[in-house]
Every structure is written in structure tokens, then in C-alpha cells.
Amino acid sequence: MANKILVTGGTGFIGSHTVVELHHAGYTPVIVDNLSNSSIKILDQLEKIIGYKPEFHEFDLCDEAKTKAFLAENPDITGIIHFAAYKAVGESVQKPLDYYKNNFVSLINLLDAYRDKAINFVFSSSCTVYGQPDVLPVTEAAPVKKAESPYGNTKQVAEEILKDTASVNKNYNIVALRYFNPVGAHESALIGELPIGVPQNLVPFITQSAIGKRGKITVFGNDYNTVDGSCIRDYIHVVDLAKAHVAAIQRMESGKSADNYEVYNIGTGKGTSVLEIIHAFEKSTGEKLDYQIGPRREGDVEQVYGDVTKSTQELGWKADLGIEEMMKSAWEWEKYIKNNPF
Ligand code: WQD
């Protein structure tokens, strides 16, 4: 029987893509999700891609009793990839207590079940922990800076919880993946990003504007100290990002990890500006975008992109897909959703 890997938040954007890659790598993915920010229809979509509906359990990981009972009933789960968390930067400023409670209680309930037995645990972290790095590209050794939002703070504190837990208990084998900016969709266009309401992130807003669901795109500032004045980010294809999670599990199974708590940057190592993304989308899809320059957005860092040397050397992982494939796949998904609304 293939190793069972629990994917919390597995009906979400990155989680569903990771379920696909786990299957392709010979694992048996098991999903737990409370569907608070995703659709159960994703299970049907996954069936179309991998040929079967993954095992799915709907409950909230903040429910200690349910979480403990589930994990006790599934001793054959050898790894956990933990995506389930609230993740909207702006919303976290309005609802800090909801973010701290949800993101910490769910994490602690999962960890608490493994005080006495081994577990390989991959945590979904974020480059947001770096704030505006002093040196670019940013390496994992860069200092963590005071988070700009409660969301960013939940990632920073979660990393501390994981580090402290691993340091006193060798049952835990933990990898934290610091994502840069996940974009794009699976080549089948059957799964992708499903933002609820008005997208806060750039690429889903672009695709919704292009399909006529939203008005003009606003570029939040073109007076930054960058190549064209707009902010720079490290955009990474969600399929490449999903594969990094499989590589992290494989690294821990190999026993090669130098430490039982490791942190890796998961990006492309390249920076792309907002205006370059807009032009790349137009070039890749042939669609003309309607955009305007607006004021800066509160809390935005000017530029951040990752040094991914450590991930390549230790995880044996590297991003393969470029901006053109990110834009094309995001657009194909947007068109699919228009014709097949969830
Ligand atoms: C990218 C750039 C905006 C929208 C956040 C989180 C990060 C992760 C990804 C969860 C910025 C500009 C955006 C628009 C714009 N979240 N922009 N017009 O802020 O880099 O990262 O989302 O995992 O943790 O911090 O991503 O896509 O919101 O913005 O000009 O309508 O696009 O100013 O420069 P961000 P983003």
C-alpha cells in the first residue's frame, strides 16, 4: 500500500494541485477540509485528473476531539502536508482573532497527536515572513521581519511553534516551505484558483478582468524604485509549487535531512514586475487588458524574490514552468470556470 499522506486544505488551490502530484509520485493522498474556502466539487475535478476521488473527510481541524479521533483511526498516515489556514492578508487585518485562533489551533491539534510517534510534516509558510528583505534574492538565512499583517504573523509564529516542537521531540520531522507568489493552474484547466469575492491577488484579478467579470485592473503604484516603477515579485507556477511538497516528503523519508526542522524557499529565483505580468499575460494569451495606474497599496513591499539554491541542492527540486505557462494556464482555467461554474 502506498504511503498515505494527509493533505489538510486539500480541496483548496495549492492543496488540490498537491493531491495530483502526490498521486503521480505513487502516494495515496487523503484530504481533510472544512470547505470554508473551497468547493467539494473539486473532488469530481480531481477524479477527472487522477482517475479516482481521493478519500475525503469534512471537519474542522480546530475541533480537537475530531482531529485526534481521525488521526488515531488512521495510524497509516505517514506524512501530513498542512495547507488548511486562513490566508487573506487584508481580511486578517480586519479579523485578527479569527486568524490567530483558526491558524494556530488547527496546527497545534495536528502536532499534538504526534508526541509519541513519528510524523513527516510539511508546513505551508510564506515569503511574507521576510517583509522587505535587505538583500535580494532573499535566502533562508535572511532575518524574519516584523510581519505587516496578522496573516503574516501567523506564518512567523507557526514557524516558531514548529521549530520549538521539533527541537525537543525527534518524533517530528518538519519542513516549512516559504512560498513566493503561487499563480497559474493545472494543464487540464480542471483545477485552479477559486477566489471568493473580489480577488485581492494580481493574477486572478487579471483573468477575471480579461473575461469581463471585473472592470479595469489597477496597478497599485508605479513610483517604486524598480525597473518600471511597479512592484516586483517571484511568481511561481502552482504545479511547480505542488511538486516541491512531494520533494519535501521524499526528502524526509530519505532520512537525509540534516535537522528535523528545515526551511526552504519555493520560488523561481526570478523577479517580475506588475507591469511585466500584465504585458506577459497579453502576449501569452492575445487578450488585451484594460488597466490604470493607481496609488500604492498599504503594506506592499517594493520587491521580493527568492534565492532557491538550498531547495535545489537539498530537495532536488527546481521550478520548470515560466511566466508564459503561468499566464496561459491561469487564462484557460478562467475560461473553464466561465463555462462550468462551480
Ligand atoms: C502582487 C503584486 C500588488 C492586485 C500575497 C501574500 C502572500 C501570498 C500571495 C497567501 C503587488 C500588485 C495586486 C491588483 C496590483 N498569500 N497588485 N493590483 O501581496 O505579493 O502576496 O498574496 O499565500 O503571502 O502576501 O500578492 O497578488 O496581492 O500582489 O497592482 O489588483 O501585484 O501591489 O505588488 P502579494 P498580490
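Residues numbered from 1 in each chain as written. Predicted model: local features only at pLDDT ≥ 70, side-chain atom pairs only at ≥ 80, totals over all residues. Heavy atoms only, no water.

**Points about the overall build of the chain**
As a reminder, the rule being used: Here a helix means four or more residues in a row that DSSP labels H or I, a strand means two or more in a row labelled E, and each is numbered from the N terminus. Radius of gyration: over C-alpha atoms. The globule rule applied is 2.2 Å multiplied by the number of residues raised to the 0.38 power. By definition, residues are in contact when any of their heavy atoms lie within 4.5 Å. To measure how exposed things are, a 1.4 Å probe is used in the Shrake-Rupley method; for residues, cover is taken only from the protein chains shown. When charges are counted, neither His nor the chain ends are considered; positive counts come from Lys and Arg and negative counts from Asp and Glu. Think of each charge as sitting on NZ of Lys, CZ of Arg, CG of Asp or CD of Glu.
Secondary structure assignment for the chain yields 11 helices and 13 strands. Computed over the C-alpha atoms, the radius of gyration of the chain is 19 Å, within 12% of the 20 Å expected from 2.2 N^0.38 for a compact globule of 342 residues. Projected onto its principal axes, the C-alpha coordinates of the chain cover approximately 55 × 45 × 40 Å. Contacts in the chain between residues far apart in sequence, at least 24 positions, make up 80% of those at least 6 positions apart. Here the chain has roughly 14,800 Å² of accessible surface; of this, 50% comes from carbon and sulfur atoms. Positive and negative side-chain charges of the chain, numbering 34 and 44 respectively, have mean locations separated by a distance of 2 Å.

**Examining the site of the ligand**
Note the following rule: For each residue, the test is whether any non-hydrogen atom lies within 4 Å of the molecule or strand; if one does, the residue is near. Polar contact is the term for a pair of N or O atoms within 3.5 Å; when the atoms are in protein, one must be able to donate a hydrogen and the other to accept it, and sequence-neighboring residues count only if both atoms are side-chain atoms. Any residue that is not Ala, Val, Leu, Ile, Met, Phe, Trp, Tyr, Cys, Pro, Asp, Glu, Lys or Arg is counted as polar, Gly included; the first ten are nonpolar and the last four charged.
Close to the ligand lie 18 residues, the nearest being Leu202, Thr218, Phe220, Arg233 and Asp300. In the environment of the ligand, an oxygen atom lies 2.8 Å from a nitrogen or oxygen atom belonging to the backbone of Leu202. Between the ligand and the protein, one listed contact pairs an oxygen atom with a side-chain N or O atom of Arg233 at 2.6 Å. Alone, the ligand offers 690 Å² of accessible surface; in the complex the protein occludes 90% of this. With three residues, the top contributor of residues to the shell around the ligand is strand β8 (residues 217–220). Classifying every residue of the shell around the ligand by side-chain character gives eight nonpolar, six polar and four charged.

**Considerations on the UniProt feature "domain: NAD(P)-binding" (unreviewed entry) in the chain**
Note the cut-off: UniProt positions are given in the numbering used here, feature names are shortened, and annotations may be inferred rather than shown by experiment.
Listed under "domain: NAD(P)-binding" (unreviewed entry) in the UniProt record, and renumbered for this structure, are residues 6–328. As annotated, residues 6–328 comprises 38% helix and 18% strand, and the C-alpha atoms at either end are separated by 30 Å.

**A closer look at the pairing of strand β11 (residues 261–266)**
Going by this rule: Only protein chains enter the calculation, and the probe is 1.4 Å; a residue is then buried if its accessible area is under 20% of its type maximum, exposed if over 50%, and partly exposed in between.
Among the six residues that make up β11, six are buried, leaving the element largely enclosed by the rest of the structure. Side chains of β11 alternate between two faces, with Tyr261, Val263 and Asn265 and Glu262, Tyr264 and Ile266 buried alike.

**What to know about the pattern of salt bridges**
Heads up, the condition is: Just to be clear on terms, a salt bridge is a Lys or Arg side-chain nitrogen sitting within 4 Å of an Asp or Glu carboxyl oxygen.
Under the definition given, this model contains 17 salt bridges. The shortest N-O distance in the salt bridge between Lys4 and Asp76 comes to 3.5 Å. Here Lys4 is found in strand β1 (residues 4–8), whereas its partner Asp76 is found in the loop between α3 (64–73) and β4 (77–82), with 72 residues between them in sequence. With relative accessibility at 10%, the residue Lys4 sits in the buried group. On the basis of relative accessibility, which here comes to 36%, the residue Asp76 falls in the partly exposed class. What you see here is one network of salt bridges that share partners, running through Glu64, Lys68, Asp112 and Arg115.

**With respect to helix α6 (residues 150–168)**
The condition is simple: An expected span of 1.5 Å times one less than the residue number is assigned to each helix.
In a regular helix each residue adds 1.5 Å, so 19 residues correspond to 27 Å; α6 covers 27 Å between its end C-alpha atoms and thus fits that length. Within α6, burial applies to Pro150, Tyr151, Gly152, Thr154, Lys155, Gln156, Ala158, Glu159, Ile161, Leu162 and Ala166. Buried-residue contacts for α6 involve α4 (89–94), α5 (96–112), β5 (119–126), β6 (172–179) and β11.

**Section: the packing of helix α1 (residues 13–24) against helix α2 (residues 42–50)**
Formally: Think of each axis as a best-fit line through the C-alpha atoms, taken over the contacting stretch in the case of a helix, with angles from 0 to 180 degrees between the N-to-C directions. In this scheme, roughly parallel covers angles under 35 degrees and roughly antiparallel covers those over 145, while 65 to 115 is roughly perpendicular and the rest are oblique. Crossings are classed by handedness, with left-handed meaning an anticlockwise turn of the near helix from the far one by less than a right angle and right-handed meaning a clockwise turn.
Running from N to C, α1 and α2 point in directions that differ by 30°, and their axes come no closer than 11 Å. Taken as axis vectors, α1 and α2 run roughly parallel relative to one another. Like other packed secondary-structure pairs, α1 and α2 cross with a definite hand, here right-handed. Within the contact between the two elements, α1 uses Ser16, Val19, Val20 and His23 and α2 uses Ile42, Leu46, Ile49 and Ile50. Taken together, the residues of the contact of α1 with α2 break down into six nonpolar, two polar and no charged.

**Description of the pairing of β1**
Quick reminder of the rule: By this definition, two strands are paired if DSSP reports at least two bridges between them. Note on handedness: a clockwise path from strand one over the helix to strand two, with the strands aimed away from the viewer, defines a right-handed crossover.
The buried count for β1 comes to five of five residues, which makes it a mostly enclosed element. Alternating residues of β1 divide into Lys4, Leu6 and Thr8 and Ile5 and Val7, and every residue in both groups is buried. As judged from the five bridges shared by β1 and strand β2 (residues 28–32), these two strands associate in the parallel manner. What sits directly across from Leu6, in β2, is Val30. In the classification by handedness, the crossover that spans β1, the intervening α1 and the parallel β2 is right-handed. Alignment of β1 against β4, held across five bridges, turns out to be parallel. By the bridge assignment for β4, Ile5 is matched with Gly79.

**Focus: the nonpolar core**
To be explicit about the condition: Throughout this description, the term nonpolar core refers to a set of buried Ala, Val, Leu, Ile, Met, Phe, Trp, Tyr and Cys residues connected via side-chain atoms within 4.5 Å.
Core analysis: the biggest nonpolar cluster contains 44 residues, and Leu177, Ile266 and Trp317 have the highest contact counts within it. Secondary structure elements with two or more residues in this core: β1, α1, α2, β6, α8 (238–254), β11 and α11 (323–339). Considering each element in turn, this core owes the most residues, nine residues, to α8. Excluding residues that lie within four positions of it along the chain, Ile266 makes contacts with Leu177, Arg178, Tyr179, Phe180, Ile236, Leu241, Ala244, Ser311, Leu315 and Trp317. Core analysis: the second largest hydrophobic core is formed by 26 residues, Leu6, Phe123, Ile161 and Ala176 among them.

**So, the side chain of Thr285**
Tracing the backbone through its elements, the reader meets Thr285 in helix α9 (residues 274–285). Residue class for Thr285 comes out buried when judged on its relative accessible area of 18%. A polar contact of 2.7 Å, which involves the side chain of Thr285, links it to the backbone oxygen of Phe281.

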